[in-house]
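Architecture at a glance
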Amino acid sequence: MINLIFFAMRFPPEHVGTARYAASLAEGLAKRGVQVTVIAPAYARHHPEDGSLGYQVRRIPGGHHSFVPLRYPFARAALRQALDELHPDVLWATNGMATRVVGTLIGELNVPVIGSVHGTDIATRLPGRSPRTWLESIPQRRFYEHSDRLLANSRFTYDLALQKGIDPDKLQVVYLGVEMSRDMESARLRARKNHPELAGRRIVLTVARLVEQKGHKILIEALDRVLATRPDVLHIIVGDGPEKDALAAQIQRLGRKDSILLVGFQSQDVIEDYYALAQIFALTSHTTHSRVEGLGFVFLEAAARGLPVVGTRHGGIPEVILDGKTGFLVDPGRPQEIAQRIGRLFDDGALCQTLGDNARSHTERRFSMERMLDESKEILTELKRGRENNRARKQ
C-alpha cells in the first residue's frame, strides 16, 4: 500500500477549482487502495464533514489566516509534524501555496515529492510581480528544482512552465478529471421541482469567482445584447468575490436585474440544479495582472453535463473547447462576438444539442476522472518503487 500525504492549501469547504481538484484526487486514490492523509487549512473551529470522507484529514489551525503571510509558518509546522509521524512514501503538494511551503522544507525531506502545477502559479511568481510574490517565488522555484515529478494541468501550463525554465524531465501533463453525470433527465426533473421560479426561462450559466480575471463585466455586456431580442433568457452567475458590487451596479445600470442574477456562493447541490436547467455555459476569462486560466475546471464540469460551452481563446481553455464542435471560442474583449455565439445557440436548438453532446463525449474521452486517477496512481507506484530500489542499493 502506498502511504501518501496530500498537502493541499486549498481544500473543501472552499469552492474553487484547486480545492475541488485536491478533494477529487484524494477520494479517488483512497478508493484505489492508497492510504491518503490530507493536510489542509482549518476554515472553521470544527469540520465534522471530514469524518465521512473515507480518508484522514488533518486541519491546520491558522492555515487560512486572514493575514496571508501568517499561513506559511502554521502550515509548515503542521506539515513537518505530519511527516515526522506518518513517514509517507510520497508527499504531494497540490497547489501553489502548498509548493511554496514544501519549498521551505525541501532540503530536510527524505521522501519523493510531487507538485501539481497550475497556470497562475507559474505566471504570477516566476518571477514574482510584487515584493510579496517575488519573495514567494524563492521557495516555489526551490520546490520545482528539487521535486521528483511536476504535473501540469494542461498543455498550455506545460509549455508555460518550460518557458520559465522548469526541468522538462520532471514535467508531464496530467489533465484534470471530472465525474461524468449519468442521468441528466432525472437531474432535470429534480431541478425543476427545486426551482419552479425558473420555469419558462432559457438559461446561460456562469460559475466562477467574481474577480476581474473571469471577465464577468464583458459577459454581462454581451448578455445585455442577447436579451435585447430574447427577453426570456436568464443569466445566472454563481460565485462571490471583490467584483460583486461593481457587477451589481453594472446590472442595475443596464436595467437587467430580473434577467442577470448574481446568486452568490451556492452549494454543489444547487449548482448541479443550475447545470441541469441551463442550455449554455459561458465564461469569458482573460489575462489580468499575469493571472491566467491554466485549464478551467468549470468548463469540464459543464461539458460533462452535456452543455455547449462558450469560452475564450485564453490559457488552456482551447484544450477543453473544440471551436464549432463542442462550443465556441471567442475573443475576450469582443462582447458583440460573444453575444452572437450565445444567440446562435439559443436560436438553433439542434446545433445547441449537437454541440452539447459532442462536449460530453470529448470530455469523457480526454478528461475523465478515471483517466486522471489511473495516471496519478501509476506515478505514485513508480515513485514508491524507485524509493524502495534506492534503499535496497544503499544496504
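Okay, so let's go over this structure. Residue indices follow the written sequence of each chain, beginning from 1 at its first position. Local features in this predicted model are restricted to residues of pLDDT 70 or higher, and side-chain atom pairs are both shown and tallied only at a pLDDT of 80 or more, whereas totals for entire chains, interfaces and linings draw on every residue. Think of the side-chain values as coming from all heavy atoms in the structure, minus any hydrogens and water.

Another aspect to go through is the side chain of Glu14. Counting through the fold element by element, Glu14 comes out in the loop between β1 (3-7) and α1 (17-31). Each residue is placed in one exposure class: buried if its accessible area under a 1.4 Å probe, protein chains only, is under 20% of its type's maximum, exposed if it is over 50%, and partly exposed if it falls in between. The buried category is assigned to Glu14, whose relative accessible area is 16%. Separated by 3.3 Å, the side chains of Glu14 and Arg10 make a polar contact. For this analysis, residues touch if any pair of their heavy atoms sits within 4.5 Å. Aside from chain neighbours lying at most four places away, what touches Glu14 is Met9, Ala19, Tyr43 and His64. Numbering of helices and strands runs from the N terminus; a helix is a DSSP stretch of H or I covering at least four residues, while a strand is a stretch of E covering at least two. Any pair of N or O atoms that falls within 3.5 Å is considered a polar contact. Within protein, one atom must be able to donate a hydrogen and the other to accept it, and sequence-neighbouring residues count only if both atoms are side-chain atoms.

Along strand β4 (residues 90-93), one buried face is formed by Val90 and Trp92 and the opposite face, lined by Leu91 and Ala93, is buried too. Across four bridges, the pairing between β1 and β4 is parallel. The partner of Ile5 across the bridge, within β4, is Leu91. The sheet contact formed by β4 and strand β5 (residues 113-117) spans three bridges and is parallel. Residue pairing for β5: Trp92 is matched across the bridge by Ile114. Seen with its strands pointing away from the viewer, a crossover is right-handed if its path from the first strand over the helix to the second goes clockwise. After leaving β4, the chain enters helix α3 (residues 96-103) and then returns to the sheet as β5, a path that is right-handed. Only strands joined by at least two bridges in the DSSP assignment are considered to pair.

Our focus in this paragraph is the packing of aromatic side chains. Stacked, tilted and edge-to-face are the three classes applied to pairs of Phe, Tyr and Trp rings, where Trp contributes its six-membered ring and a pair requires centres within 6.5 Å; stacked means planes under 30 degrees apart, edge-to-face means over 60, and tilted covers the rest. The final tally for this structure, using the stated rule, is five aromatic pairs. Summarising the aromatic geometry, the rings of Phe6 and Trp92 are spaced 5.1 Å apart at their centres and angled 70 degrees between planes, so their arrangement reads as edge-to-face. With Phe6 in strand β1 and Trp92 in strand β4, this pair connects stretches of sequence that are 86 residues apart. Taking relative accessible area as the criterion, Trp92 reaches 1% and is therefore assigned buried. Through successive ring pairs, a cluster of aromatic residues spans Tyr275, Phe281 and Phe299. By definition here, charges over rings are those cases where NZ of Lys or CZ of Arg is within 6 Å of the ring centre and within 35 degrees of the ring normal. The residue whose ring lies beneath Arg305 is Tyr275, and the NZ or CZ to ring-centre distance is 5.3 Å. Taking the ring centre of Phe328 as reference, the NZ or CZ of Arg341 above it sits at 5.5 Å.

Moving on, we come to the packing of helix α2 (residues 71-86) against α3. How two helices pack is summed up by the angle between their axes together with the distance between the axes. The interhelical angle for the contact between α2 and α3, taken along N-to-C directions, is 70 degrees, at an axis separation of 10 Å. The angle between α2 and α3 places the two elements in the roughly perpendicular class. Of the two possible hands of crossing, α2 and α3 adopt the one that is right-handed. Two secondary-structure elements touch here, α2 through Arg71, Tyr72, Ala75, Arg76 and Leu79 and α3 through Met97, Arg100, Val101 and Val102. Classifying every residue of the contact of α2 with α3 by side-chain character gives six nonpolar, no polar and three charged. For helices, the axis comes from a line fit to the C-alpha atoms of the stretch in contact; other axes are also lines fit to C-alpha atoms, and the angle between any two N-to-C directions lies between 0 and 180 degrees. Should an angle fall under 35 degrees it is called roughly parallel, over 145 degrees roughly antiparallel, and 65 to 115 degrees roughly perpendicular, with every other angle called oblique. Helix crossings fall into two classes, left-handed where the near helix is turned counterclockwise from the far one by less than a right angle and right-handed where it is turned clockwise. Charged means Asp, Glu, Lys or Arg here, nonpolar means Ala, Val, Leu, Ile, Met, Phe, Trp, Tyr, Cys or Pro, and polar covers whatever is left, Gly included.

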